[in-house]
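Descriptive analysis of the structure
Here are the chains, one letter per residue:
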Amino acid sequence: LYPMVAPIRACKGTIAGLNVNSAASWATSVIVVAAMLTALMVKDLGSVNTFNGAMSSAIFVAIVPSAVGLASLDFRASGRLTLATLLLVGMAVAACGIIFSDNYVDQLKCFLQV
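The sections below set out a description of the structure shown in this document. Everything numeric in this text was worked out from a predicted model, so none of it was measured.

Topic: the environment of Lys43
- Note that Lys43 resides in the loop between helix 2 (20-41) and helix 3 (45-72).
- When its relative accessible area of 73% is taken as the criterion, Lys43 is described as exposed.
- Taking the C-alpha atoms as reference points, Lys43 and Val105, 62 residues apart in sequence, are found 20 Å from one another.
- A distance of 3.1 Å separates the side chain of Lys43 from the backbone oxygen of Leu40, its partner in a polar contact.

Written out as structure tokens, the structure reads:
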């Protein structure tokens with residue numbers, strides 16, 4: 001939990017009108033309550049893993065590289081088009097990961113006889 005709140009604790013001044021210690025306490029409470037509600041509501045960890053994988057692929061493969069490239073690198077139009085394509089295709093793949101979340105175990109057939 002501490003690494004999730006560490007950026008708030010490292011801030012100087014106020015955050016949303018709260019001092020740093022109060023903001024960190026609120027953030028800790030929100031994280032704990034969100035984890036508790038998720039644990040109470042979700043009965044199948046497979047769906048959590050599927051959603052987590054799809055969101056991770058969207059963030060780490062599509063959104064962050066595209067945003068960093070578009071914001072900080074000086075590209076010509078073709079480079080910007082390439083990064084925009086990466087963003088759109090990555091988001092589409094993540095959406096497919098969320099929509100098609102079943103692994104279709106009942107349809108698997110092994111053709112190799114050992």
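Moving on from the model shown.
Observations concerning a nonpolar patch on the surface
- Together, Ile59, Phe60, Val61, Ile63, Val64, Val68, Leu86 and Met91 make up a nonpolar patch on the protein surface, roughly 670 Å² of accessible area in all.
- Broken down by secondary-structure element, the contributors of at least two residues to the nonpolar patch are helix 3 and helix 4 (77-99).
- Ranked by residue count, the leading element in the nonpolar patch is helix 3, at six residues.
- Here Met91 lies in helix 4.

A closer look at unusual backbone geometry
- Even without a glycine there, the phi angle at Ala16 is positive, about 55 degrees.
- Tracing the backbone shows Ala16 in the loop between strand 1 (14-15) and strand 2 (18-19).
- The exposure class assigned to Ala16 is exposed, which follows from its relative accessible area of 79%.

Thoughts on the packing of helix 3 against helix 4
- Where helix 3 meets helix 4, the axes come as close as 9 Å, and the angle between the chain directions of the two elements is 170 degrees. If you check the angle between helix 3 and helix 4, you find them roughly antiparallel.
- Taken together, the residues of the contact of helix 3 with helix 4 sort by class into 15 nonpolar, six polar and one charged.

Criteria and cut-off values
Residues numbered from 1 in each chain as written. Predicted model: local features only at pLDDT ≥ 70, side-chain atom pairs only at ≥ 80, totals over all residues. Heavy atoms only, no water. Helix = DSSP H or I, 4+ residues; strand = E, 2+ residues; numbered from the N terminus. Buried < 20%, exposed > 50% of the residue type's maximum accessible area, 1.4 Å probe, protein only. Polar contact = N/O pair within 3.5 Å; in protein donor to acceptor, adjacent residues only side chain to side chain. Patch = residues over 30% accessible without salt bridge, like charges linked within 9 Å, V, L, I, M, F, W, Y side chains within 5 Å. Areas by Shrake-Rupley, 256 points an atom, 1.4 Å probe, with all protein chains shown as cover. Salt bridge = Lys/Arg side-chain N within 4 Å of Asp/Glu carboxyl O. Axes fitted to C-alpha atoms, helices over the stretch in contact; angles between N-to-C directions. Parallel < 35°, antiparallel > 145°, perpendicular 65-115°, else oblique. Nonpolar A, V, L, I, M, F, W, Y, C, P; charged D, E, K, R; others polar.

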